[in-house]
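Observations on the model geometry
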Amino acid sequence: MNMVVHPQQVQMAHQYGCAAGKQGKFIEYKDGFWKNSYEEYKNKRDMSQLGPEAILKWAPQVGLDATKLKADGESDACKQRVEEDMQELGKFHVGGTPGFFINGKFIGGGIPEQAFHQIIDEKLKIAEASGVPGSSYYEKEIMGKGVHEFQSKKRAERPTQQ
Amino acid sequence: MSRSAVLAALVAVACTKPQAPGTTPTSNSSSPPPSGDLAARLERLEEFNKKHAEAIEFLQRVYDQQKQAADDQDANEPDPAAIFAVDITKPVAAGQAEGPTNALVTIVEAWDFG
């Protein structure tokens, strides 16, 4: 989900991500951004590489319609899409990146890959044991039984363990 | 231990029955010996308490500060046992997701392009 930590540099890049989603090519866009825009920025320390003009240069290479990308990316709808993500994450006090929720378990910051795999495996075992099909698991077990706002370590009441 | 609790303990010691003649005193090495009349003993105990009051207050302040810092940290730290129900309906509908829709494990990533 969009968590814009550097709005001056990448707000539009996030909105263009929304626009790419409208073309069914969000993953292509995301990969393209890291490979092209971010790499160029990293090598040249040039902030403009993260902006719309640079994005529109490589966008066709990953199958995006650049004209549509620009129009959608600058629309209020995509601006709102990014804000919605940030509002949702804000409910859980997410204020930085990277941050992950693995079947609802929060992981703040980077952790070793092995630890990441371990959590996924644990969650998979729980999900398999539940007998709930994957198509409804998140809705039923996470949305249905989890907490819908931040809950601190200090708070005594615990939700049902997954 | 609070200052008042220390004082109460010391007063309790001062009010104990005087040692019977011929018996061996069993006083604590850090406490004043129980001799003299009650007023004199109380005065000594008050002096004893006064002497250590600063140290006790200092320890109390350090304890309070450290407890407050630990409480603040716990208040800001997500409950590791909690299952956080992040609504992913809109990003999924907007095509900002990857992988099969029937996956048993869903990873929600908060990411930034910067």
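None of these values were measured; they are calculated from a predicted model.

Observations concerning the overall build of chain B
Assigned secondary structure in chain B consists of three helices and one strand. Mapped in sequence order, the helices and strands of chain B form the string α-α-α-β. Going through the 114 residues of chain B one by one, you find that 16% of them count as buried.

Some words on the overall build of chain A
Broken down by element type, chain A carries seven helices and two strands. The helix and strand sequence of chain A, counted from the amino end, reads α-α-α-α-α-β-β-α-α. Reported as C-alpha extents along the three principal axes, the dimensions of chain A are approximately 50 × 30 × 30 Å. Within chain A, counting contacts between residues at least 6 apart in sequence, those at least 24 apart form 57% of the total.

Notes on the pairing of strand 1 (residues 107-110) of chain B
Burial of the side chains of strand 1 of chain B is restricted to one face: Val108(B) and Ala110(B) are buried, whereas none of Ile107(B) and Glu109(B) on the reverse face is. In the sheet, strand 1 (residues 99-102) of chain A pairs with strand 1 of chain B via four bridges, with the strands oriented antiparallel. Bridge assignment links Gly99(A) to a residue of strand 1 of chain B, and that residue is Ala110(B).

Topic: the packing of helix 1 (residues 7-22) of chain A against helix 2 (residues 26-44) of chain A
Residue and element names in this part refer to chain A. Closest axis-to-axis distance for the helix 1/helix 2 pair is 7 Å, and the angle between their directions is 145 degrees. Residues Ala13, Tyr16, Gly17, Ala20 and Gly21 of helix 1 pack against Phe26, Tyr29, Lys30 and Phe33 of helix 2. Taken together, the residues of the contact of helix 1 with helix 2 break down into six nonpolar, two polar and one charged.

Focus on the packing of helix 1 of chain A against helix 5 (residues 76-90) of chain A
Each pair of packed helices can be described by the angle between their axes along with the distance between the axes. Residues and elements named next belong to chain A. Between helix 1 and helix 5, the least distance of the axes is 9 Å, while the angle of their chain directions is 105 degrees. Between helix 1 and helix 5, the crossing angle belongs to the class labelled roughly perpendicular. Taking contact as the criterion, the partners of His14, Gln15, Cys18 and Ala19 in helix 1 are, on helix 5, Cys78, Lys79, Arg81 and Val82. Across the contact of helix 1 with helix 5, the residue classes tally to four nonpolar, two polar and two charged.

Observations regarding the sheet that holds strand 1 of chain B
One open sheet accounts for three strands, arranged 2(A)-1(A)-1(B); its pairing is antiparallel. Each edge of the sheet is formed by a strand with only one pairing partner; in this case those strands are strand 2 (105-108) of chain A together with strand 1 of chain B. The mean inter-strand angle of the sheet, taken between neighbouring strand axes irrespective of direction, is 15 degrees.

Some points on the domain arrangement of chain A
For chain A, the domain assignment lists domain 1 (7-90) and domain 2 (92-162). Spacing between the C-alpha centres of domain 1 of chain A and domain 2 of chain A amounts to 28 Å.

Focus on unusual backbone geometry
Residues and elements named next belong to chain A. Each neighbour pair has its own omega, and for threonine 97 with proline 98 the value is -5 degrees, a cis peptide bond. Positionally, proline 98 belongs in the loop between helix 5 and strand 1. Residues other than glycine seldom take positive phi values, yet histidine 93 does so here, at roughly 60 degrees. Mapped onto the elements of the fold, histidine 93 is located in the loop between helix 5 and strand 1. Here the phi dihedral of asparagine 103 falls at roughly 45 degrees; this positive angle occurs in a residue that is not glycine. Its location among the elements puts asparagine 103 in the loop between strand 1 and strand 2.

Side note on the nonpolar core
Here is a general trend for soluble globular proteins: nonpolar side chains tend to be buried in one another's company. Judged by nonpolar contacts, the single largest core of 42 residues is most densely connected at Ala13(A), Tyr16(A), Ala20(A), Phe84(B) and Val86(B). Counting only elements with at least two residues in this core, the list comes to helix 1, helix 2, helix 5, strand 1 and helix 7 (134-143) of chain A together with strand 1 of chain B. If you tally residues by element for this core, the top one is helix 1 of chain A, at seven residues. Shared between two domains, this core holds at least three residues of each, these being domain 1 (7-90) and domain 2 (92-162) of chain A. Apart from the residues within four sequence positions on either side, Phe84(B) is in contact with Phe92(A), Phe101(A), Gly104(A), Phe106(A), Gly146(A) and Val147(A).

Considerations on the environment of Gln87(A)
As for its position among the elements, Gln87(A) is in helix 5. Its 10 C-beta neighbours within 10 Å are what place Gln87(A) among the exposed residues.

Notes on helix 6 (residues 113-130) of chain A
Since one α-helical turn is 3.6 residues long, residues separated by three or four positions face the same way. Here helix 6 of chain A is 18 residues long and its end C-alpha atoms lie 26 Å apart, about the 26 Å a rise of 1.5 Å per residue gives. Immediately beyond the C-terminal end of helix 6 of chain A, within one or two residues, lies Gly131(A), with a positive phi of roughly 80 degrees.

Here is what the cut-offs are and how they apply
Residues numbered from 1 in each chain as written. Chains lettered and ligands numbered in written order. Predicted model: local features only at pLDDT ≥ 70, side-chain atom pairs only at ≥ 80, totals over all residues. Helix = DSSP H or I, 4+ residues; strand = E, 2+ residues; numbered from the N terminus. Buried ≥ 20, exposed ≤ 12 C-beta atoms within 10 Å, placed from the backbone. Contact = placed C-beta atoms within 7 Å. Pairing = 2+ DSSP bridges. Axes fitted to C-alpha atoms, helices over the stretch in contact; angles between N-to-C directions. Nonpolar A, V, L, I, M, F, W, Y, C, P; charged D, E, K, R; others polar. Parallel < 35°, antiparallel > 145°, perpendicular 65-115°, else oblique. Domains from an automatic or database assignment. Core = buried A, V, L, I, M, F, W, Y, C linked by C-beta atoms within 7 Å. Expected span 1.5 Å × (residues − 1).

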